[in-house]
Amino acid sequence: MRKLVSSGSHLEGPIGFSRACRVDNHIAVAGTAPIKDGGTAFPGDVYNQTRYCLELSIRALEEAGGSVAEVIRTRIMLTDITTWEEAARAHGEVFSDIRPACTFVEVKGFIDPAWLVETEMDAVLADA
C-alpha cells in the first residue's frame, strides 16, 4: 500500500514530492518549513517556528494514518546551531514521553531566508 499526502503546494508536481508518504506501516514526513498563509510564521522566533513545523508535520502524519506516538525519528535543521536549545524546548514539549531518535544539524540556509528551521519525521505504525 502506498498513500501520498499533499500539502496543496503548487510545487509538488513540478518538483515531484509529497508532504508525506506512507508505504505499508512506514510514514515519512518531508522537510517542513514554517510556512503560513503564503508567508513565514513567527519571523525571527526559532522556538515558535519549530513548534509550528512540528504541528504541521503531525497533521500530515495523522492524515497518512499515523499518530505522534508512533514517531521513531525526527530531524531538526537550523540555520544557526546556537539556537538549538530553543528548538529543543519545542521538540521536548511534543516528544518528551515518546523520545524518538532525534538529530539537530546546522544548514547553510533554506529556500526562504526567513525560515530558521525545518523539521522531518518518520513513523512506524504498530497496527498496520
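Here the structure is a predicted model, which means the values were calculated and not measured.

This part is about a negative patch on the surface. Together, D80, E85, E86 and E106 make up a region of like negative charge exposed at the surface. Along the chain, E86 falls in helix α3 (residues 84–95). Here E86 falls in the partly exposed class, since its relative accessible area comes to 35%.

The terminal C-alpha atoms of α3 lie 16 Å apart, and with twelve residues this matches the ideal 16 Å at 1.5 Å per residue to within 8%. Those residues of α3 that sit buried are A87, A90, H91 and F95. The arc that holds the buried residues of α3, viewed along the axis, is 115°, so those residues lie on one side. In this structure, the buried residues of α3 make contact with α2 (46–63), β6 (71–78), β7 (101–106) and β8 (117–124).

Before going further, it helps to examine the sheet that holds β6. Reading across the sheet, the six strands line up as β1-β2-β3-β8-β6-β7 and stay open at both edges, with mixed pairing between neighbours. Of all strands in the sheet, those bounded by a partner on one side alone are β1 (2–5) and β7. Along the sheet, successive strands turn relative to each other by an average axial angle of 10°, direction set aside. Examined bridge by bridge, strand β3 (residues 26–32) and β8 share five bridges and lie antiparallel to one another. Within the sheet, the bridge partner assigned to V29 lies in β8 and is M121. On top of the sheet, α2 reaches β1, β2 (20–23), β3, β6 and β8; it is set at about 30° to β8, its chief contact.

The rules behind the values
Each residue is numbered by its place in its chain's sequence as written, counting from 1. Whole-chain, interface and lining totals are the exception, using all residues; otherwise, since this is a predicted model, local features are given only for residues with pLDDT of at least 70 and side-chain atom pairs are given and counted only at 80 or more. Water and hydrogen atoms were dropped before computing side-chain values, which therefore reflect all heavy atoms in the structure. Distance thresholds for patches are 9 Å for like charges and 5 Å for nonpolar side chains (Val, Leu, Ile, Met, Phe, Trp, Tyr), applied to residues having over 30% relative accessible area and no salt bridge. For accessible areas, the Shrake-Rupley method is used with a probe of radius 1.4 Å. Any residue's cover is judged against the shown protein chains and nothing else. When a carboxyl oxygen of Asp or Glu lies within 4 Å of a side-chain nitrogen of Lys or Arg, that pair is called a salt bridge. Here the positive residues are Lys and Arg and the negative ones are Asp and Glu; neither His nor the chain ends is included. For this purpose, a charge sits on NZ of Lys, CZ of Arg, CG of Asp or CD of Glu. Secondary structure elements are defined from DSSP: runs of H or I of at least 4 residues count as helices, runs of E of at least 2 residues count as strands, and each element is numbered from the N terminus. To sort residues, take the accessible area from a 1.4 Å probe on protein chains only and compare it with the maximum for the residue type: under 20% means buried, over 50% means exposed, and anything in between is partly exposed. Multiplying 1.5 Å by the residue count of a helix minus one yields the expected span of that helix. This arc is taken over the directions from the axis of the helix to the C-beta atoms. Only heavy atoms enter the contact rule, under which two residues are in contact if any of them lie within 4.5 Å. Here, any two strands with at least 2 DSSP bridges between them count as paired. Only the stretch in contact is used when fitting a helix axis, every axis being a line fitted to C-alpha atoms; angles between N-to-C directions are given from 0 to 180 degrees.

That's the geometry; what it means functionally is another story.
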